[in-house]
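# Descriptive analysis of the structure
Listed below, chain by chain, are the residues.
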Amino acid sequence: MKKKKDANKEKKRSSKNLRINTRIALTSVLAIVIPLILITTFSTVLVYIVPSYFNFSSVTTNTYSAINQLQWTQTISSIATELVSDDEDDEKLYNLSHFVSPLENVNSLIYIERDGEVFYQTDTDENIPDLASRIKPANTQKNFNYFGNDGLVIVNYMQKSDSSPQYKIIIVNSDYTVNDASQKLSAQELTRLLLGRTGIIILIIVLLFVTAIGVISFITTQTIVNPIKKISHGADEIACGNLDYEIDYKSTNELGKTVDSFNDMRIRLKESIEKQKKAEEERKILVAGIAHDLRTPLTSVKGYAEGLADGIANTPEKQKMYVKTICESISATEKILDDLLTISRLELNGYELNQTDISVKEFFDDGAEEIKQLLDTAGFDFEYLNKCADNTTICIDADRFSRVISNIISNSIKYAKENVKGKVNIVIDEYERSVIIEISDNGIGVEKKSLSKIFDIMYRTDPARTKISQGSGLGLAVCKQIVELHSGSIWARSEEGEGLSIFISLPKNHEDNKNEVD
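Report follows, based on the coordinates. (Residues numbered from 1 in each chain as written. Predicted model: local features only at pLDDT ≥ 70, side-chain atom pairs only at ≥ 80, totals over all residues. Heavy atoms only, no water.)

### Describing the overall build of the protein chain
Within the protein chain one finds 14 helices and 12 strands. The buried share of the protein chain, reckoned over its 518 residues, is 35%. A separation threshold of at least 6 residues defines the contact pool for the protein chain, and within that pool the share at least 24 residues apart is 64%. Accessible area of the protein chain: about 31,700 Å², with a carbon and sulfur share of 54%. (Helix = DSSP H or I, 4+ residues; strand = E, 2+ residues; numbered from the N terminus. Buried < 20%, exposed > 50% of the residue type's maximum accessible area, 1.4 Å probe, protein only. Contact = heavy atoms within 4.5 Å. Areas by Shrake-Rupley, 256 points an atom, 1.4 Å probe, with all protein chains shown as cover.)

What follows is the structure in structure tokens.
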């Protein structure tokens, strides 16, 4: 049972995936085949049932109609066939009785000659040929049929071959009637025709065509129109801003691909709008943050400058302290603007790198000396371990990448724990295709919910932004942009109160990979 259901599902899925061209071609074929099948079936039934129903084989009435004329034609043909047969005369006469008796029952008179001699005639006192001439004067030497209100006359000649006997049939009926020709198309006659047997045949044929067209229309609606309606409704929903609406139609044909494109477009549009909203929010945060960060040093510069101008700093020591404070505030402002300019250039792709192949060991060994001096000044311990081989190289812009390391070290110094001696560890290790630099400290760390945001522009773990002196919130964002320009990646790990670890992954040069394989 389950296999049968699976087979039905597979069959339904296959028919659903038919291409539109195939569907249209199939519909066109069905538009021809279905009516032909129905009409052929009906015709077969008509051939075997209708003749007996309408009784075409014998005359049943003396009133003219299309069916009556067919009855006479069929009867004359049957009589002629029997006359020219090879049967003996007695047998012919016996067989003829089956055809002429129904005619005589409706007051018809039959006269048959063979080579000028009477072969058969109805038992009557009338001279049948003379009666025929009186009803319809005509040349009786050739075939003719006459149907009129004054009677019926049929003359027919037949001969099997030139050497065979010639037969002449004359049929007369004085009681025959024909309706007036002007009444044939009257409303009553038409009604009678439509309500009669002919009308039934016409009605059946019409119903066959209607059924065929209905079936074809249903197939077209189910396979083409309904999916198009779904696409149209989905497009309206998307146009109205409902980006969560998914068009429910799965198929591999053209309509299915169109639906997939609509759904993909909806997802991309939704992502684009969300990204735009996020960018707008970040822009607002950036503007507010920069304004806040610039206000503090500028206020400090203004205050100390006014103090100098007003003579508050009345001693050389105070004046020196005021000038020093002004210079520090200006430097802080310059640092903020420099980071902001760097971020802008990176985002606008206006930041060009001067990359060269550099030995990992030489670059970081030299840099470690400078880092040690900086950390010694800040009272930090420093540990450095480089596990890379001497021939391991990376392609970087040395100046830009030095700024990455400097920003991370500065960040560790700024966020050191109070009353705890700071410490920074740098470990560099190499793998098959990359070099990974780990820079860790024992500072205040970052809580888990904020860890993924520390590389965002203007993000700081100090939401109130009260520690302006600790930086602009752009340092790690600059690091991220520069690292990604080097086709690398940067991420962080931390436990709040347990310090922060920054990881940088850079691709190794291909030549190094090749040498390792060799």
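### Here's the deal with the pattern of salt bridges
Evaluation of the coordinates by the stated rule reveals 10 salt bridges. Here Asp397 makes a salt bridge to Arg400, at a shortest N to O gap of 4.0 Å. Note that Lys480 and Glu484 form a salt bridge whose closest N and O atoms lie 2.9 Å from each other. Taken together, the residues Lys480 and Glu484, both in helix α13 (residues 475-485) and 4 residues apart, mark about one turn of the helix. Of the residues examined, Lys480 reaches a relative accessible area of 29% and is grouped as partly exposed. For Glu484, a relative accessible area of 42% translates into the label partly exposed. (Salt bridge = Lys/Arg side-chain N within 4 Å of Asp/Glu carboxyl O.)

### Regarding the packing of helix α11 (residues 398-414) against α13
Contact pair α11 / α13: the axes reach a minimum separation of 9 Å and the direction vectors enclose 150°. Taken together, α11 and α13 sit at an angle that is classed as roughly antiparallel. As for how α11 packs across α13, the hand of that crossing is left-handed. Residues Arg400, Phe401, Arg403, Val404, Asn407, Ile408 and Asn411 of α11 pack against Gly475, Leu476, Val478, Cys479, Ile482 and Val483 of α13. When its residues are assigned to classes, the contact of α11 with α13 shows 8 nonpolar, 3 polar and 2 charged. (Axes fitted to C-alpha atoms, helices over the stretch in contact; angles between N-to-C directions. Parallel < 35°, antiparallel > 145°, perpendicular 65-115°, else oblique. Left-handed = near helix turned anticlockwise from the far one by under 90°. Nonpolar A, V, L, I, M, F, W, Y, C, P; charged D, E, K, R; others polar.)

### Brief notes about the sheet that holds strand β10 (residues 434-441)
Sheets are built from strands paired through backbone hydrogen bonds, the pairs being either parallel or antiparallel. Taken together, the 5 strands give an open sheet; going across it, the order is β7-β9-β10-β12-β11, and neighbouring strands pair in mixed fashion. Either end of the sheet is taken by a strand with one partner, and the two such strands are β7 (381-386) and β11 (489-494). Across the sheet, the axes of successive neighbouring strands diverge by a mean angle of 15°, strand direction being ignored. Looking at chain direction, strand β9 (residues 423-430) and β10 are connected through 7 bridges and run antiparallel. Following the sheet pairing, Glu430 is matched in β10 by Val435. Seen against the sheet, helix α10 (residues 360-377) touches β7, β9 and β10 and runs at an angle of roughly 175° to β7. (Pairing = 2+ DSSP bridges.)

### As for the environment of Gly497
Within the fold, Gly497 resides in the loop between β11 and β12 (500-507). For the pair Gly497 and Ala416, spaced 81 residues apart in sequence, the C-alpha separation works out to 10.0 Å. In this structure, Gly497 is in contact with Lys417, Gly443, Ile444 and Gly445, ignoring residues within four places of it in sequence.

### What to know about the sheet that holds strand β4 (residues 151-159)
Read from one edge of the open sheet, 5 strands run β2-β1-β5-β4-β3, paired in antiparallel fashion. Strands with a single pairing partner mark the edges of an open sheet, and in this sheet they are β2 (117-121) and β3 (144-148). Recorded for the sheet is a direction-independent mean angle of 15° between the axes of neighbouring strands. Examined bridge by bridge, strand β1 (residues 109-114) and strand β5 (residues 166-173) share 6 bridges and lie antiparallel to one another. Looking at the pairing, Ile112 lines up with Ile169 of β5. Against the sheet, helix α5 (residues 128-135) touches β1, β2, β3, β4 and β5, its axis set at about 60° to β5.

### Some words on the packing of aromatic side chains
Aromatic rings considered in pairs are described by the distance between their centres and by the relative angle of their planes. Taken as a whole and judged by the stated rule, the model has 7 aromatic pairs. Between the aromatic rings of Phe363 and Phe401, the centroid separation amounts to 6.3 Å while the plane-to-plane angle is 55°, which identifies the pairing as tilted. You can see Phe363 sitting in helix α10 and its partner Phe401 sitting in helix α11, a full 38 residues away along the chain. Phe401 sits in the buried class, given a relative accessible area of 0%. Summarising the aromatic geometry, the rings of Phe364 and Phe401 are spaced 6.3 Å apart at their centres and angled 90° between planes, so their arrangement reads as edge-to-face. Of this pair, Phe364 sits in helix α10 while Phe401 sits in helix α11, placing them 37 residues apart in sequence. (Phe/Tyr/Trp six-rings, centres within 6.5 Å; stacked < 30°, edge-to-face > 60°.)

### Observations concerning α13
Taken as a whole, α13 has its buried residues at Gly475, Leu476, Ala477, Val478, Cys479, Ile482 and Val483. Looking one or two residues past α13, Ser487 carries a phi angle of roughly 65°, positive in sign.

### Quick notes on the side chain of His486
Residue position: His486 is located in the loop between α13 and β11. Engagement of the side chain of His486 in a polar contact is seen with the backbone oxygen of Ile482, the distance being 2.8 Å. When near neighbours in sequence (up to four residues on either side) are disregarded, His486 contacts Leu353, Gln355, Cys395, Ile396, Asp397, Leu506 and Pro507. (Polar contact = N/O pair within 3.5 Å; in protein donor to acceptor, adjacent residues only side chain to side chain.)

By themselves, these figures tell us nothing about what the structure is for.
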